[in-house]
Amino acid sequence: MENLDETDITILRILQNDSKKTAKEIATILNLTPSPVYERVRRLENQGFIKKYVAILDKKLIDRSVTTICQVSMRYHNEAFIEKFEEQIQNLQEVQECYHMAGQVDFILKINTKDLEGYHNFIKYKLSKIENIGVLNSTFVLKDIKQTSAFYI
């Protein structure tokens, strides 16, 4: 963050809120001309502050309204098993997020499916096929209270 000035931080905040904003629109907000804003955005991209631009979809409209948080505990904790799990989980499209944890569980997965039957089938035909899973503990989201992809900066 030490490379960033207040203008860079404001640009990042604007783009986190709406990545479709053009350099011209951002320049208007900041009372600048578009050219330096464009250059700043490109620099922020090149330096890796901006990883990618995405569209956030409405899970209900795409028929993925059931969100499950799945805690995974491994039977064995050697490097090979952990790396294999991390590799295999990448191929499961239902898994939106995966975190390797310290504490009582080894991994936490955020999974979105159409319904409970879809989640059951995901566990039965996909997740259970991964070796070395010892315990699965699933909790189901009743209501989304806060969802953001934006970091506080």
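With an unreviewed UniProt entry as reference, the protein chain is termed Lrp/AsnC family transcriptional regulator, source organism Postechiella marina.

Before going further, it helps to examine a negative patch on the surface. A contiguous patch of negative charge on the surface is contributed by Glu79, Glu83, Glu86 and Glu87. Positionally, glutamate 87 belongs in helix H4 (residues 79–89).

Looking now at unusual backbone geometry. The backbone phi angle of asparagine 31 is positive, close to 55 degrees, even though this residue is not glycine. Position of asparagine 31 among the secondary structure elements: in the loop between helix H2 (23–30) and helix H3 (34–46). A positive phi is found at aspartate 63, a non-glycine position, where the angle reads about 65 degrees. Here aspartate 63 lies in the loop between H3 and strand E1 (66–74). The class of aspartate 63 is partly exposed, set by a relative accessible area of 35%.

Sequence positions flagged by UniProt for "domain: HTH asnC-type" (unreviewed entry) are, in local numbering, residues 4–65. Helix and strand shares over residues 4–65 are 53% and 0% respectively, and the end C-alpha atoms of the span are 38 Å apart.

Counting 17 residues, the largest nonpolar core has Val72, Phe85, Ile89, Leu109, Phe122 and Leu127 as its most contacted members. Every element with two or more residues in this core is listed here: E1, H4, strand E3 (107–113) and helix H5 (116–125). Residue contacts for phenylalanine 85: discarding those within four places in its chain leaves Val72, Met74, Cys98, Phe107, Leu109, Ile130 and Ile133. By size, the runner-up hydrophobic cluster in this structure holds 13 residues, among which are Ile9, Ala23, Ile26 and Ala27.

Pairing geometry for strand E2 (residues 95–100) and E3, over 5 bridges, is antiparallel. From the neighbouring strand, valine 95 faces E3, where its bridge partner is isoleucine 111. Between the end of E2 and the start of E3, which pair antiparallel, lie 6 residues, with glycine 103 showing a positive phi angle near 125 degrees.

Let us look at the state of the cysteines. Evaluated as defined, the whole model comprises 0 disulfides. Between cysteine 70, a free cysteine, and cysteine 98, which holds the nearest cysteine sulfur, the sulfur-to-sulfur gap is 9.8 Å. Given the relative accessible area of 0%, cysteine 70 is considered buried.

A separate point is the environment of glycine 103. Along the chain, glycine 103 falls in the loop between E2 and E3. Residue classification places glycine 103 among the exposed residues on the basis of a relative accessible area of 66%.

Now for the pattern of salt bridges. Under the counting rule described, the total for this entry stands at 11 salt bridges. The partner of arginine 43 in a salt bridge is aspartate 8, with the nearest N and O atoms 2.8 Å apart. Taken together, the residues span a long stretch of sequence, with arginine 43 in helix H3 and aspartate 8 in helix H1 (residues 6–17) at a distance of 35 residues. What makes arginine 43 partly exposed here is its relative accessible area of 27%. Notably, a salt bridge pairs aspartate 144 with lysine 59, separated by 3.1 Å at the nearest N-O pair. Of this pair, aspartate 144 sits in the segment after strand E4 (133–140) while lysine 59 sits in the loop between H3 and E1, and the two are 85 residues apart along the sequence. On the accessibility criterion, aspartate 144 (35% relative accessible area) is partly exposed.

Definitions and cut-offs
Residues numbered from 1 in each chain as written. Predicted model: local features only at pLDDT ≥ 70, side-chain atom pairs only at ≥ 80, totals over all residues. Heavy atoms only, no water. Patch = residues over 30% accessible without salt bridge, like charges linked within 9 Å, V, L, I, M, F, W, Y side chains within 5 Å. Areas by Shrake-Rupley, 256 points an atom, 1.4 Å probe, with all protein chains shown as cover. Salt bridge = Lys/Arg side-chain N within 4 Å of Asp/Glu carboxyl O. Lys, Arg positive; Asp, Glu negative; His and termini not counted. Charge placed at Lys NZ, Arg CZ, Asp CG, Glu CD. Helix = DSSP H or I, 4+ residues; strand = E, 2+ residues; numbered from the N terminus. Buried < 20%, exposed > 50% of the residue type's maximum accessible area, 1.4 Å probe, protein only. UniProt positions renumbered as here; feature names shortened; annotations may be inferred. Core = buried A, V, L, I, M, F, W, Y, C linked by side-chain atoms within 4.5 Å. Contact = heavy atoms within 4.5 Å. Pairing = 2+ DSSP bridges. Disulfide = S-S within 2.5 Å.

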